[in-house]
Amino acid sequence: MNTRVLVLLSLFIGIGAVLHAVMPPIFFGMRPDMLLAMMFLGIIMFPKVSYVLVLSTATGIVSALTTTAPGGQIANLIEKPVTGMIVFVLVLAMRNFKQERIKAAVLTAVGTIVSGSIFLGLILFVIGLMDAGFIAMFLTVVLPTALLNTVLMMVLHPFSLRIMRSSPPQTLRAS
């Protein structure tokens with residue numbers, strides 16, 4: 001693993017943690033998971049299994065530490081690595097798609113919906129700690145979060161690409 005890539009991924013997690021911590025709860029103590037957008041950015045920029053596993057596991061831990069949802073600790077620890085691997089497979093499947101900004105936006109929207117569905121499924125059906133129903137939570141938390149994360153990705157992704165292209169090729173390659 002490239003140390004410089006790991007440092008960048010940890011910066012993404014740190015930025016995501018701050019975004020996740022400052023978002024106010026919007027429904028039944030649940031808040032939009034802005035940490036996901038940063039996780040997806042890391043997966044899109046460095047699509048390698050080892051990086052995805054480290055990034056998604058660390059993201060799950062940080063998200064578990066900052067969640068306000070009842071039962072969210074356990075759900076985040078399970079959901080983030082599963083979502084990370086699903087998004088990784090989607091990134092590989094869309095590798096030939098040339099419109100980078102659109103690809104990043106679509107992956108973020110789909111990834112957030114997948115993540116939210118897994119998270120809600122774990123909390124509502126496995127752990128059984130929420131009072132609201134799946135549809136209500138999906139419509140009031142997951143879909144707005146998908147929109148927020150997609151907008152955030154459309155802003156951050158071009159800047160990230162510009163930084164990657166301007167840095168020396170040997171420095172930040174996903175080796």
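Conventions adopted
- Residues numbered from 1 in each chain as written.
- Predicted model: local features only at pLDDT ≥ 70, side-chain atom pairs only at ≥ 80, totals over all residues.
- Heavy atoms only, no water.
- Helix = DSSP H or I, 4+ residues; strand = E, 2+ residues; numbered from the N terminus.
- Buried < 20%, exposed > 50% of the residue type's maximum accessible area, 1.4 Å probe, protein only.
- Polar contact = N/O pair within 3.5 Å; in protein donor to acceptor, adjacent residues only side chain to side chain.
- Contact = heavy atoms within 4.5 Å.
- Core = buried A, V, L, I, M, F, W, Y, C linked by side-chain atoms within 4.5 Å.
- Patch = residues over 30% accessible without salt bridge, like charges linked within 9 Å, V, L, I, M, F, W, Y side chains within 5 Å.
- Areas by Shrake-Rupley, 256 points an atom, 1.4 Å probe, with all protein chains shown as cover.
- Salt bridge = Lys/Arg side-chain N within 4 Å of Asp/Glu carboxyl O.
- 1 Å grid on protein atoms, 1.4 Å probe; cavity = no way out; pocket = protein on both sides within 12 Å on 5 of 7 lines; lining within 4 Å.
- Points joined across faces, edges and corners; volume = space filled by probe spheres on them.
- Nonpolar A, V, L, I, M, F, W, Y, C, P; charged D, E, K, R; others polar.

(A) Representation of the side chain of Thr112. Its location among the elements puts Thr112 in helix H5 (residues 100-127). Residue Thr112 is classed as buried on the basis of its relative accessible area, which comes to 2%. Engagement of the side chain of Thr112 in a polar contact is seen with the backbone oxygen of Thr108, the distance being 2.7 Å. When sequence neighbours within four positions are dropped, the list of residues in contact with Thr112 reads Leu36, Phe40, Val142, Thr145, Ala146 and Asn149.

(B) How the structure looks around the nonpolar core. Membership of the largest hydrophobic core comes to 23 residues, with the highest contact counts inside it found for Leu9, Phe12, Phe40, Ile43 and Phe46. Elements with a minimum of two residues in this core: helix H1 (3-22), helix H2 (35-45), helix H3 (49-66), helix H4 (72-93) and H5. For this core, the leading source of residues is H2, giving eight residues. Membership of the second largest hydrophobic core comes to six residues, among which are Leu120, Met137, Phe138 and Val141.

(C) Region of the structure containing a nonpolar patch on the surface. Among the surface-exposed residues, Ile61, Leu65, Ile74, Leu77, Ile78, Val82 and Ile86 lie close enough to one another that they form a single nonpolar patch of about 630 Å² accessible area. Looking at the nonpolar patch, the elements that each hand over two or more residues are H3 and H4. Per-element accounting of the nonpolar patch gives the leading share, five residues, to H4. Tracing the backbone through its elements, the reader meets Ile74 in helix H4. A relative accessible area of 51% means that Ile74 is categorised as exposed.

(D) Local environment of the environment of Met45. Summarising the element assignment, Met45 is placed in helix H2. Sequence separation between Met45 and Leu9 is 36 residues; the distance between their C-alpha atoms is 9.6 Å. Setting aside residues up to four positions removed in sequence, Met45 forms contacts with Phe12, Ser160 and Met164.

(E) Highlighting the layout of surface pockets. When its volume is computed, the largest pocket comes out at roughly 280 Å³. Sorting the residues of the lining of the largest pocket by element identifies H2, H5 and helix H6 (134-166) as the ones contributing at least two each. Sort the elements by how many residues they give to the lining of the largest pocket and H6 lands first, with four residues. Considered class by class, the residues forming the lining of the largest pocket number six nonpolar, one polar and four charged. Approximately 190 Å³ is the volume attributed to the second largest pocket. Residue lining of the second largest pocket: Leu8, Leu11, Phe12, Ile15, Met38, Leu41, Met45, Leu156, Phe159, Ser160, Ile163 and Met164, and that is the complete set. Going through the elements one at a time, H1, H2 and H6 are the ones with two or more residues in the lining of the second largest pocket. In terms of residues, the lining of the second largest pocket owes the most to one element, H6, which gives five residues. Taken together, the residues that form the lining of the second largest pocket break down as 11 nonpolar, one polar and no charged.

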